[in-house]
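Close look at the chain arrangement
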Amino acid sequence: MTSERNAMTDTKQAANAPSNAMWGGRFAAGPDAIMEAINASIGFDKRMARQDIEGSRAHAAMLAAQGIITDTDAEAIREGLLTVLSEIDSGNFAFSTALEDIHMNVEARLKEVIGEPAGRLHTGRSRNDQVATDFKLWVRDQLDAAISGLEALIRALLSQAEAGADWVMPGFTHLQTAQPVTWGHHMMAYVEMFGRDMSRFQDARKRMNESPLGAAALAGTGFPIDRHMTASALGFDRPAANSLDAVSDRDFALEFLGAASICAMHLSRFAEELVVWSSAQFRFVALSDRFSTGSSIMPQKKNPDAAELIRAKVGRIMGANVGLMTVMKGLPLAYSKDMQEDKEQVFDAADSLMLALAAMTGMVSDMQANTESLEAAASSGFSTATDLADWLVRALNMPFRDAHHVTGSLVAMAEAKGCDLPDLSLADMQSVHAAITDEVFGVLGVHNSVASRTSYGGTAPSEVRKQVARWQEALK
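Below: a short report on this structure. All figures in this text were calculated on a predicted structure; none of them were measured in a lab. (Residues numbered from 1 in each chain as written. Predicted model: local features only at pLDDT ≥ 70, side-chain atom pairs only at ≥ 80, totals over all residues. Heavy atoms only, no water.)

1. Describing the overall build of the chain
A tally of helices and strands in the chain yields 20 helices and six strands. In summary, the chain has a C-alpha radius of gyration of 32 Å against a globular reference of 23 Å for 476 residues, an excess of more than 25%. Within the span of the chain, comprising 476 residues, buried residues form 47% of the whole. For the chain, the proportion of contacts with a sequence separation of at least 24, taken over those separated by at least 6, is 73%. Counting every atom, the chain has about 22500 Å² of accessible surface; 53% of that belongs to carbon and sulfur. (Helix = DSSP H or I, 4+ residues; strand = E, 2+ residues; numbered from the N terminus. Rg over C-alpha atoms; globule rule 2.2 N^0.38 Å. Buried < 20%, exposed > 50% of the residue type's maximum accessible area, 1.4 Å probe, protein only. Contact = heavy atoms within 4.5 Å. Areas by Shrake-Rupley, 256 points an atom, 1.4 Å probe, with all protein chains shown as cover.)

Listed below in structure tokens is the structure:
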């Protein structure tokens, strides 16, 4: 009876053998189904297939150049990897959960395609440096995509700013009318914000561009590999200088998420303005039908759904940032399986960011400003009160605090009369301060107000056009 049980156990272990082939002879039995499910990452890390194969091709070429494997084996590996990539790209690749991840799925299929030479590919490296390399290459691609997406958005904003350099609109503080500005000036504010986002992605790309490949499990390798060769082949500036750090580091993903979170916050702020501006109460802009939806019950509705969804994406992106920071915060050097949880949230954040950037670029390109509504709103709410106070300082040599008090009294008078400041008569104004002359009316119009703001970075149309030209030159 004991002999029969032993035979049955041996049969079960043999049946499980393919599942633990990657671990060699260390484990007698295959993984439990629950362990297999929690351990596998192929469901999401297959997105890095192209980067994995790119890294393996560079590694194989280096091994041959260093005489570690033969040129014949290296050529077989190179051709086999291209075959595997073609199968993946065409959707004809069967991914296996039992093989855990993209690395082992590719390697197992490579062995089926080319046979014994496939077993030489993993010489001088580990899955630890392999996954760090794949992930860096993938994140670097996302940084490049974000930079390109931001440039497209900035160009759309520059077109709006150039067209509307002279269009007046209200500037707000506390969402209350503050001073008149120009449409172009408002668009250029977002150019500056998204320009900083672009520089953050560029800066993160520069800092992360060191290759982990060849760091192996954590201590490097005794094989005479050339890490500078693989770094160069993969477009890295240099190999990472410490093998422990190379496999432990996920700062590149955290920096991407940090920059993405700030960018998403900027997109959300702009989206909020578009939601408000496109409402019937404001009527500042008309969004195109391409980025709006209707109501199932109210036929008059045109909802700014794209803007609202952009506004919501920031939660997912910031959540990914917090999530990965939490994963990494308690990990000792070097690799821990916790780090398998680094990818899904980064993948989701990158998808959300690129979709939000594309949608915002489309909305900005299509939106039409309602110049009549903008100017009417700019002329209301005593928006030229500061211009009046400034005139009192310049023309009457009045201390600004006194000018502020006089202007406040005139605002109260206009409010009581139900009119705006330019509608007060000279006699009304002189009843508050006798020295006021009719020259004051020259500064009270909204166009005069914006034209006078000629300080560097001001809202004057001439300054807006200078900033547009500066950015157009910078983007060449």
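Still to come is the rest of the account.
2. As for the pairing of strand 2 (residues 176-182)
With six bridges connecting them, strand 1 (residues 168-173) and strand 2 associate as antiparallel partners. Its bridge partner being in strand 2, Pro-170 is matched across the sheet by Pro-180. Adjacent in sequence and paired antiparallel, strand 1 and strand 2 are bridged by two residues, among which His-174 carries a positive phi angle near 55 degrees. (Pairing = 2+ DSSP bridges.)

3. A few points about the environment of Ala-219
For Ala-219, the position within the fold is in the loop between strand 3 (210-211) and helix 9 (227-233). Between the C-alpha atoms of Ala-219 and Ala-246, which are 27 residues apart in sequence, the distance is 9.8 Å.

4. Here we look at the packing of helix 11 (residues 251-277) against helix 12 (residues 305-328)
Put simply, helix 11 and helix 12 touch, their axes get as near as 8 Å, and they point 160 degrees apart. The angle between helix 11 and helix 12 falls in the class roughly antiparallel. Where helix 11 crosses over helix 12, the handedness of that crossing is left-handed. Among the residues forming the contact of helix 11 with helix 12, the class breakdown is 18 nonpolar, four polar and three charged. (Axes fitted to C-alpha atoms, helices over the stretch in contact; angles between N-to-C directions. Parallel < 35°, antiparallel > 145°, perpendicular 65-115°, else oblique. Left-handed = near helix turned anticlockwise from the far one by under 90°. Nonpolar A, V, L, I, M, F, W, Y, C, P; charged D, E, K, R; others polar.)

5. Notes on a nonpolar patch on the surface
Where nonpolar side chains cluster on the molecular surface, the patch consists of Leu-218, Leu-244 and Leu-333 and spans about 270 Å² of accessible area. When you line up the elements, Leu-333 lands in the loop between helix 12 and helix 13 (344-366). (Patch = residues over 30% accessible without salt bridge, like charges linked within 9 Å, V, L, I, M, F, W, Y side chains within 5 Å. Salt bridge = Lys/Arg side-chain N within 4 Å of Asp/Glu carboxyl O.)

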